[in-house]
Structures are given as structure tokens and as C-alpha cells.
Amino acid sequence: MTTTRQYLIARHGETNFNRERRVQGRHDESYLTHDGTEQATALGTYVARRQARDHRSPGGGDEPRIDLTFCSPMNRCRQTYAAVAGCCGYSL
């Protein structure tokens, strides 16, 4: 039996560096803007709704459940993940 894996990859929300058109790279000085926090919360809402579906029942959705999450240690990524975790009950 062949196992198929699907990945959901998300980028961090908008940061102050994005807004200023500054390159962030590996610098950990940027932080989410108000819009970036709203984007992260919207992502969390999407993931939570996806996780709440009963994938075994008809009409429950074709997307598989998310079983494992990863997050970069960068501040902007951790802020984004914190918003998603807050919506989904994940731990940091």
C-alpha cells in the first residue's frame, strides 16, 4: 500500500520589515504588524476549521488532518505560529 503525504506550508504574517520593504533574511529583529497578526489569526482559523471537520464522514472534507507542525525559531515565525496555536490548541 502506498502512503501519500500532503504538506501545508505557510509563511509568516506581514512584518514591519515587509512594510518598509527591508530584507529580513536571518535577522531576527522584525515583528508582526497589526495586519500580520490578523493574517496569522486568519490562518489559525482556517487550520482550526480544517481540523474540526470529521474526515471520515461523507462531505467531511478531502483534506487530511494535520498531524505534525514545525516552526522556524525566528521571532516573526514564532509570532505567527503562536496565533495559529491559539486557534487550534497546539502547544509551542
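Residues numbered from 1 in each chain as written. Predicted model: local features only at pLDDT ≥ 70, side-chain atom pairs only at ≥ 80, totals over all residues. Heavy atoms only, no water.

## A short note on the overall build of the chain
Defined as follows: Secondary structure counts use DSSP, requiring at least four H or I residues in a row for a helix and at least two E residues in a row for a strand, with both numbered from the N terminus. Only protein chains enter the accessibility calculation, which uses a 1.4 Å probe. A residue is then buried if its area is under 20% of the maximum for its type, exposed if over 50%, and partly exposed in between. In these tables, accessible area is a Shrake-Rupley quantity obtained with a 1.4 Å probe, and a residue counts as shielded only by the protein chains included in the view.
Helices and strands together make up the secondary structure of the chain, namely three helices and zero strands. Listing each helix as α and each strand as β along the chain from the N terminus yields α-α-α. Across the 92 residues of the chain, 27% fall into the buried class. A total of about 7000 Å² of accessible surface is found on the chain, and carbon and sulfur atoms cover 50% of it.

## A closer look at the packing of helix H2 (residues 34-52) against helix H3 (residues 75-88)
Quick reminder of the rule: Axes, fitted as lines to C-alpha atoms, cover a helix only where it is in contact. Angles between the N-to-C directions of the axes lie from 0 to 180 degrees. A clockwise turn of the near helix away from the far one marks a right-handed crossing, whereas an anticlockwise turn of less than a right angle marks a left-handed crossing. Residues count as neighbours in contact if any of their non-hydrogen atoms are within 4.5 Å of one another. Amino acid classes used here: Ala, Val, Leu, Ile, Met, Phe, Trp, Tyr, Cys and Pro are nonpolar; Asp, Glu, Lys and Arg are charged; the rest, including Gly, are polar.
With their axes 8 Å apart at the nearest point, H2 and H3 run at an angle of 35° to one another. Classified by chirality, the crossing of H3 by H2 is right-handed. Between H2 and H3, the contacting residues are Ala 40, Thr 41, Leu 43, Gly 44, Thr 45, Val 47 and Ala 48 on the first element and Thr 80, Ala 83, Val 84, Cys 87 and Cys 88 on the second. Of the residues belonging to the contact of H2 with H3, the class tally is eight nonpolar, four polar and no charged.

## Digging into H3
The condition is simple: Here the expected span of a helix is defined as 1.5 Å times the quantity of residues minus one.
Helix length check: H3 (14 residues) gives 20 Å between terminal C-alpha atoms against 20 Å at 1.5 Å per residue, within 8%. Among the residues making up H3, those that are buried are Arg 76, Cys 77, Thr 80, Tyr 81, Ala 83, Val 84 and Ala 85. Looking at the buried residues of H3, the elements they touch are H2. After H3 finishes, the residue Gly 89 shows a positive phi value of roughly 80°.

## Digging into the pattern of salt bridges
Rules: What makes a salt bridge here is a side-chain nitrogen of Lys or Arg within 4 Å of a carboxyl oxygen of Asp or Glu, nothing more.
Taken as a whole and assessed by the stated rule, the structure comprises three salt bridges. Among the ionic pairs, Arg 19 bridges to Glu 14, the shortest N-O distance being 2.9 Å. Among the ionic pairs, Arg 19 bridges to Asp 35, the shortest N-O distance being 2.8 Å. Of this pair, Arg 19 sits in helix H1 (residues 16-19) while Asp 35 sits in helix H2; the two residues are 16 residues apart in sequence, bridging distant segments of the chain. Beyond isolated ion pairs, a larger network of salt bridges with shared partners links Glu 14, Arg 19 and Asp 35.

## Considering the environment of Phe 70
In this fold, Phe 70 is placed in the loop between H2 and H3. By relative accessible area, Phe 70 is classed as exposed at 73%. Sequence-wise, Phe 70 and Tyr 81 are eleven residues apart; in three dimensions their C-alpha atoms are separated by 8.9 Å.

## Here we look at the packing of aromatic side chains
To be explicit about the condition: To pair, rings of Phe, Tyr and Trp, with the six-membered ring standing in for Trp, must have centres within 6.5 Å; the planes then decide the type, stacked if under 30 degrees apart, edge-to-face if over 60, and tilted in the middle. Both a distance and an angle decide whether a charge sits over a ring: NZ of Lys or CZ of Arg must be within 6 Å of the ring centre and within 35 degrees of the ring normal.
Going through the model one piece at a time under the given rule, you end up with zero aromatic pairs. Sitting over the ring of Phe 17, Arg 22 keeps its end group 3.8 Å from the ring centre.

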